[in-house]
Amino acid sequence: EAGVTQSPTHLIKTRGQQATLRCSPISGHTSVYWYQQALGLGLQFLLWYDEGEERNRGNFPPRFSGRQFPNYSSELNVNALELEDSALYLCASSLASSSSGSSYEQYFGPGTRLTVT
Amino acid sequence: AQKITQTQPGMFVQEKEAVTLDCTYDTSDPSYGLFWYKQPSSGEMIFLIYQGSYDQQNATEGRYSLNFQKARKSANLVISASQLGDSAMYFCAMREDNTNAGKSTFGDGTTLTVKP
């Protein structure tokens, strides 16, 4: 069974540009999560999508946005890139998260390393 | 607000010995899950072990066990018989079931180095 896949592996952009990152969840998983990991730091929660809807978002500005497609794959868009957006962006998927869904562990993809120059 | 604290930026352990990685958490949600992940230098996050807030017994997965002390709000990871391949960054994480569904909060991580 294929794991979570992300593309591209690396992305280099300049300040002010837009970046689009893609994620395909494990087959059967309907929830997709996005995290940002700045160099040497822990993961910061960005967004959670489930059944095509944004369910929760972390403390990030509106220029971080995304969507989930009918096949449950997801896209993260970062507009007006800033130097501090340089980080590893990790996508994870899980079975549907319900109000008692903490036991559904998240499976992570290999990440997209975004560099903003 | 949910918060995870890992107080050990770096740890060293001799091969074949056991090591404990500390994690304390803070939440007001009575229902939550605690997770440990391993992140090798290649960057991927590998799920290791899960403990539910209502679980009566400490979770174990092979050489990994979770020392869950609910009253102290601690969820330490114990790795027995360390191997060189255990050298990596380890993250403790928590997900609340009710107040912030879907959001996982991660600690800053502990870098574990296994010495031969």
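Residues numbered from 1 in each chain as written. Chains lettered and ligands numbered in written order. Predicted model: local features only at pLDDT ≥ 70, side-chain atom pairs only at ≥ 80, totals over all residues. Heavy atoms only, no water.

K.L.:
Can you break down the state of the cysteines residue by residue, with the values?
P.N.:
Residues and elements named next belong to chain B. Counting across every chain of the model gives 2 disulfides over all chains. Through a disulfide, Cys23 is tied to Cys92; the S-S separation comes to 2.0 Å. Between Cys23 and Cys92 the disulfide shows an S-S torsion of about -60 degrees. By sign, it is left-handed. Taken together, the residues Cys23 in the loop between β3 (19–21) and β4 (24–26) and Cys92 in strand β10 (residues 88–96) connect sequence positions 69 residues apart. Take Cys23 and Cys92: they sit in the same class, and that class is buried. (Disulfide = S-S within 2.5 Å. Helix = DSSP H or I, 4+ residues; strand = E, 2+ residues; numbered from the N terminus. Buried < 20%, exposed > 50% of the residue type's maximum accessible area, 1.4 Å probe, protein only.)

K.L.:
Give a detailed account of the pairing of strand β9 (residues 74–79) of chain B, specifying residues and quantitative values.
P.N.:
Residues and elements named next belong to chain B. The buried fraction of β9 amounts to 5 of the 6 residues, a majority that puts the element mostly inside the structure. Alignment of β3 against β9, held across 3 bridges, turns out to be antiparallel. Within β9, the position partnered with Thr20 by the bridge is Val78. Here 6 bridges tie strand β8 (residues 64–69) to β9, and the two strands are oriented antiparallel to one another. Looking across to β9, one finds that Ser65 is bridged to Val78. (Pairing = 2+ DSSP bridges.)

K.L.:
With reference to specific residues and values, describe the interface of chain A and chain B.
P.N.:
Counting from both sides, the interface comprises 23 residues of chain A and, opposite them, 23 residues of chain B. Summed over both partners, the interface of chain A with chain B buries about 1,800 Å², with 52% contributed by carbon and sulfur atoms. In this structure, the connection of chain A to chain B is made through 0 salt bridges. Counting the contacts that link chain A with chain B gives 4 residue pairs in polar contact (both at pLDDT 80 or more). Secondary-structure elements contributing two or more residues to the side of chain A that touches chain B are β4 (31–37), β5 (43–50) and β9 (87–94) of chain A. The residue inventory of the side of chain A that touches chain B, partitioned by class, reads 10 nonpolar, 12 polar and 1 charged. (Contact = heavy atoms within 4.5 Å. Buried area = accessible area lost by both parts, 1.4 Å probe. Salt bridge = Lys/Arg side-chain N within 4 Å of Asp/Glu carboxyl O. Polar contact = N/O pair within 3.5 Å; in protein donor to acceptor, adjacent residues only side chain to side chain. Nonpolar A, V, L, I, M, F, W, Y, C, P; charged D, E, K, R; others polar.)

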